[in-house]
Amino acid sequence: SAYGDVEVNESLANHTTFRVGGNCAYFIYPKNELCLMRILDILKNEQLPYKIFGKGSNLLCSDDEYHGAILCLDRYMSEYYFEEDGTLVAQAGCSIILLAHEAMKRSFHGLEFASGIPGTLGGALFMNAGAYKSDMSGIVKSVFVLKDGICTWIDVSALDYSYRHSRFQKESDWIILGARCKLESGNQKEIRDLMDSRRIRRMQSQPLNKPSAGSMFRNPQGAQAWELIEKIGYRGKRIGGAMVSEKHANFIINEDHACANDIAALVEEIQKKIKETFDIDLRTEVERFNWKI
C-alpha cells in the first residue's frame, strides 16, 4: 500500500465495460513507474500472478475468482506532453479519447480516429486499436516498455504491428509504460467538425447505452463481421443476459445482468454458425482473461 492504492477482493465487474467478471485478490493503482517496479518485485516474491489493466474496455473476464493482482495504470500514470512539432509523449494510463481531444485543441490531427475509443493509450497500443481505416501504428514512433526489469524505448518497426495485432500480444512479460507519437498540424475547426460528425454517427449506429466491449469480432479478409452475423440471423440473438445488439450486430451487449459465461456462449455459438455457413474463422477483438483452458 506504500506504492499504490490497493483494493482487496475487488469485483472485476466494477472495472470492465462489459460489467462482468469475478473477484480479484488485489486491485492496485501504482503511483508511478518506480512504484510499479517495486510492486512487481513484491508480487514475484509472493508468487502472485498479475495482469495489467487500463479501462477494461476490451476484456471479457471470466466469472471465476482471480487469485492474483490487477495493476491498473489509469489513475496515476496518465501524464502527457505535446511538443510544438506535433510530437506527443504520453504515459500508458492516458485516456486515448482525452488525448484525441487535447490534440484537437492544439490543432494537431492524426488521432481523430481514436476520439470514440474508450480505452487507455497502453491498451490501444497493445491491440493496435483503430477506426475509420486508421490505427495506432500510423502515428506511433516508439513505445516505452518495461521488460526484463529494464525500462527501454522500442522503435515501432520492431513491434510487428498489423490489423488489431502487435508484438505485445505475444510478449506477456512486457509492460507498456508510454509512447511517443507524431501528429501533424491541421485546421482546428476541421478536426473538431470531423470528430463531432463521427460522434453523432457512433451515437446513431452503436448501442452506447448498454455495457459492451465495443466491436466483438475482427473483420475477416474481404468481409464485414456485422454483415456475416446478420446473414446467419443473429441480430437480436440472446443467451441468458447477453444479446447481439439490434443496433449493431458486431456488438454483444450486457442486456440484463449477463454473466461472463452468457457472453462467452454467445460468442462461441456465433463463431460456430459462421464457420458452418461461410467456412470463415471469426476471431474476436476482445481479449479473454482468467478463463480455464
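Everything discussed here concerns the structure shown above.
So, how was this worked out
Residues numbered from 1 in each chain as written. Predicted model: local features only at pLDDT ≥ 70, side-chain atom pairs only at ≥ 80, totals over all residues. Heavy atoms only, no water. Helix = DSSP H or I, 4+ residues; strand = E, 2+ residues; numbered from the N terminus. Expected span 1.5 Å × (residues − 1). Buried < 20%, exposed > 50% of the residue type's maximum accessible area, 1.4 Å probe, protein only. Patch = residues over 30% accessible without salt bridge, like charges linked within 9 Å, V, L, I, M, F, W, Y side chains within 5 Å. Areas by Shrake-Rupley, 256 points an atom, 1.4 Å probe, with all protein chains shown as cover. Salt bridge = Lys/Arg side-chain N within 4 Å of Asp/Glu carboxyl O. Contact = heavy atoms within 4.5 Å. Pairing = 2+ DSSP bridges. Axes fitted to C-alpha atoms, helices over the stretch in contact; angles between N-to-C directions. Parallel < 35°, antiparallel > 145°, perpendicular 65-115°, else oblique.

A. Geometry of helix H6 (residues 260-278). Given a rise of 1.5 Å per residue, 19 residues ought to cover 27 Å, and the 27 Å separating the end C-alpha atoms of H6 matches this to within 8%. The set of residues buried in H6 consists of Ala260, Asp262, Ile263, Ala264, Leu266, Val267, Ile270 and Ile274. Positive backbone phi, at 55°, marks Asp279, one or two positions downstream of H6.

B. Structural detail: a nonpolar patch on the surface. Together, Val6, Val8 and Tyr26 give the surface a local cluster of nonpolar side chains, amounting to about 250 Å² of exposed area. Here Val8 lies in strand S1 (residues 4-11). Judged by its relative accessible area of 58%, Val8 is exposed.

C. Structural context of unusual backbone geometry. Positive phi, normally seen in glycine, also occurs at His257, with a value near 55°. Considering the arrangement of structural elements, one finds His257 in the loop between strand S18 (251-254) and H6. Under the relative-accessibility criterion, His257 is labelled exposed at 77%. Even without being a glycine, Asn290 presents a positive backbone phi close to 65°. Structurally, the position occupied by Asn290 is in the segment after strand S19 (287-289). Owing to a relative accessible area of 22%, Asn290 belongs among the partly exposed residues under this scheme.

D. Region of the structure containing the side chain of Ser95. Relative to the helices and strands, Ser95 is located in the loop between strand S7 (87-91) and helix H2 (96-105). In contact with Ser95, not counting residues within four places along its chain, are Lys55, Gly119 and Thr120.

E. Spotlight on the sheet that holds strand S13 (residues 175-182). Taking strand neighbours across the sheet as the criterion, the five strands line up as S6-S7-S13-S11-S12 in an open arrangement whose pairing is antiparallel. If you trace the sheet from one side to the other, it starts and ends with strand S6 (80-82) and strand S12 (150-155), each paired once. Mean inter-strand twist for the sheet, computed between neighbouring axes without regard to direction, equals 15°. In this sheet, S12 lies alongside strand S11 (residues 140-147) in antiparallel orientation, the contact comprising six bridges. What sits directly across from Ser142, in S12, is Asp155. Set on the sheet, H2 makes contact with S6 and S7; between it and S6 the angle comes to about 25°.

F. Inspection of the packing of H2 against helix H4 (residues 188-205) at higher detail. In contact at an axis separation of 9 Å, H2 and H4 are set at 150° when each is read in the N-to-C sense. In terms of orientation, H2 and H4 fall into the roughly antiparallel class. Contacts between H2 and H4 pair Ala100, His101, Met104 and Lys105 from the former with Gln188, Ile191, Arg192 and Met195 from the latter.

G. Highlighting the sheet that holds strand S5 (residues 66-72). The four strands are arranged S1-S2-S5-S3 in an open sheet whose pairing can be described as mixed. Only two strands of the sheet have a single partner each, and these edge strands are S1 and strand S3 (50-53). Neighbour-to-neighbour, the strand axes of the sheet open up by a mean angle of 25°, direction not taken into account. In the sheet, S1 pairs with strand S2 (residues 23-30) via seven bridges, with the strands oriented antiparallel. From the neighbouring strand, Asp5 faces S2, where its bridge partner is Tyr29. The strands that helix H1 (residues 33-45) touches are S2, S3 and S5; relative to S5, the one it contacts most, it runs at about 170°.

H. Spatial organisation of the pattern of salt bridges. Within this structure, the stated rule accounts for 17 salt bridges. Across the pair Asp279 and Lys275 runs a salt bridge whose closest N-O atoms are separated by 3.0 Å. Residue Lys275 is classed as partly exposed on the basis of its relative accessible area of 34%. Connected through salt bridges with shared partners, the residues Glu102, Lys105 and Arg106 form a single ionic network.

Read these as geometric descriptors, not functional statements.
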